[in-house]
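Report on the structure
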Amino acid sequence: MSDLRDLYQELILDHNKNPRNFKKLTDATQTMEGFNPLCGDRLTLYIKSEGERLAELAFQGSGCAISKASASLMTSTLKGKTKAEAEKLFQIFHDVVTGKKDAAASTDALGKLSALAGVAEFPARVKCASLAWHTLHAALEGQKDPVSTE
Ligand code: ZN
């Protein structure tokens, strides 16, 4: 298990250092701001939808390693998925990081997102890990106001 943890740790560090999809999408169909006052994480999420499908996702912003890695992993994972699939993943991800669901049982569904399962042990970091997802959820719901995790 500790090996697996090391691997996950490495994945988070890598995504923090070299965040994927860290750019502005000039042809985004939706843009949403998210803020986590607890930690100071801020991000702007760009989504380009094609019908029900999330054709492209990108983000910009500043924050801690967890929030950045989470946004990087989320945008990578959701590219090409439908909105319904994205919402379902958000539900599983949220249950795992809040400790409601066992991470080991959800590894298949979450894939690389499992790297963030460890935050369940650190309640203060849960909002860092879920900020990008709450922002996505608000965008998919058609909200206009910026998202705050507080
Ligand atoms: Zn944070």
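Since we're looking at a predicted model, the values are computed, not measured.

Residue placement: Asp-41 occurs in strand 2 (residues 41–50). At 2.9 Å, the side chain of Asp-41 and the backbone nitrogen of Cys-64 are in polar contact. Asp-41 has contacts with Gly-34, Phe-35, Asn-36, Ser-62, Gly-63, Cys-64, Ser-67, Cys-128 and Leu-131, leaving out every residue within four places of it along the chain.

Our next topic: the coordination of the zinc ion. Taken together, the protein donors to the zinc ion comprise Cys-39 (SG), Asp-41 (OD), Asp-41 (OD), Cys-64 (SG) and Cys-128 (SG), at separations of 2.2 to 2.7 Å. Summarised as a motif, the one-chain spacing of the donors to the zinc ion is C-x1-D-x22-C-x63-C. Highlighted residues: Asp-41 in strand 2 and Cys-64 in the loop between strand 3 (53–62) and helix 2 (65–78), separated in sequence by 23 residues. The pair Asp-41 / Cys-64 is uniform in exposure class, with both members buried.

Moving on, we come to the pairing of strand 3. Each regular strand displays side chains that alternate between the two surfaces of the sheet. Sheet analysis places strand 2 next to strand 3, joined by 9 bridges and oriented antiparallel. From the neighbouring strand, Leu-45 faces strand 3, where its bridge partner is Phe-59. With antiparallel pairing between neighbouring strands as the criterion, strand 2 and strand 3 make up a hairpin whose turn holds 2 residues, including Gly-51 at a positive phi of roughly 65°.

Of note, Phe-93 is situated in helix 3 (residues 83–97). Along the backbone, Phe-93 and Pro-146 are 53 residues apart, and their C-alpha atoms lie at a distance of 21 Å. Beyond its immediate sequence surroundings of up to four residues, Phe-93 is in contact with Ser-70, Leu-110, Leu-113, Leu-116, Ala-129, Ser-130 and Trp-133.

It is worth spelling out the packing of aromatic side chains at this point. Inspection of the entire model under this criterion finds 3 aromatic pairs. Ring geometry for Phe-90 versus Trp-133: centroids 6.1 Å apart, planes at 10°, classification stacked. Linking Phe-90 in helix 3 with Trp-133 in helix 5 (residues 123–140), this pair joins segments that are 43 residues apart in sequence. Accessibility expressed as a relative area gives 7% for Phe-90, which makes it buried.

Take the nonpolar core next. Grouped together as the largest cluster of nonpolar side chains are 41 residues, with contacts concentrated most on Ile-66, Leu-78, Phe-93, Trp-133 and Leu-136. Counting only elements with at least two residues in this core, the list comes to helix 1 (2–17), strand 2, strand 3, helix 2, helix 3 and helix 5. Ranked by residues supplied to this core, first place goes to helix 5 with 10 residues. Every residue in contact with Leu-78, bar those within four places of it in the chain, is listed here: Leu-54, Leu-57, Ala-86, Leu-89, Trp-133 and Leu-136.

Rules and cut-offs
Residues numbered from 1 in each chain as written. Predicted model: local features only at pLDDT ≥ 70, side-chain atom pairs only at ≥ 80, totals over all residues. Heavy atoms only, no water. Helix = DSSP H or I, 4+ residues; strand = E, 2+ residues; numbered from the N terminus. Polar contact = N/O pair within 3.5 Å; in protein donor to acceptor, adjacent residues only side chain to side chain. Contact = heavy atoms within 4.5 Å. Donors = N, O, S within 2.8 Å, 3.2 Å for Na, K, Ca; no water. Buried < 20%, exposed > 50% of the residue type's maximum accessible area, 1.4 Å probe, protein only. Pairing = 2+ DSSP bridges. Phe/Tyr/Trp six-rings, centres within 6.5 Å; stacked < 30°, edge-to-face > 60°. Core = buried A, V, L, I, M, F, W, Y, C linked by side-chain atoms within 4.5 Å.

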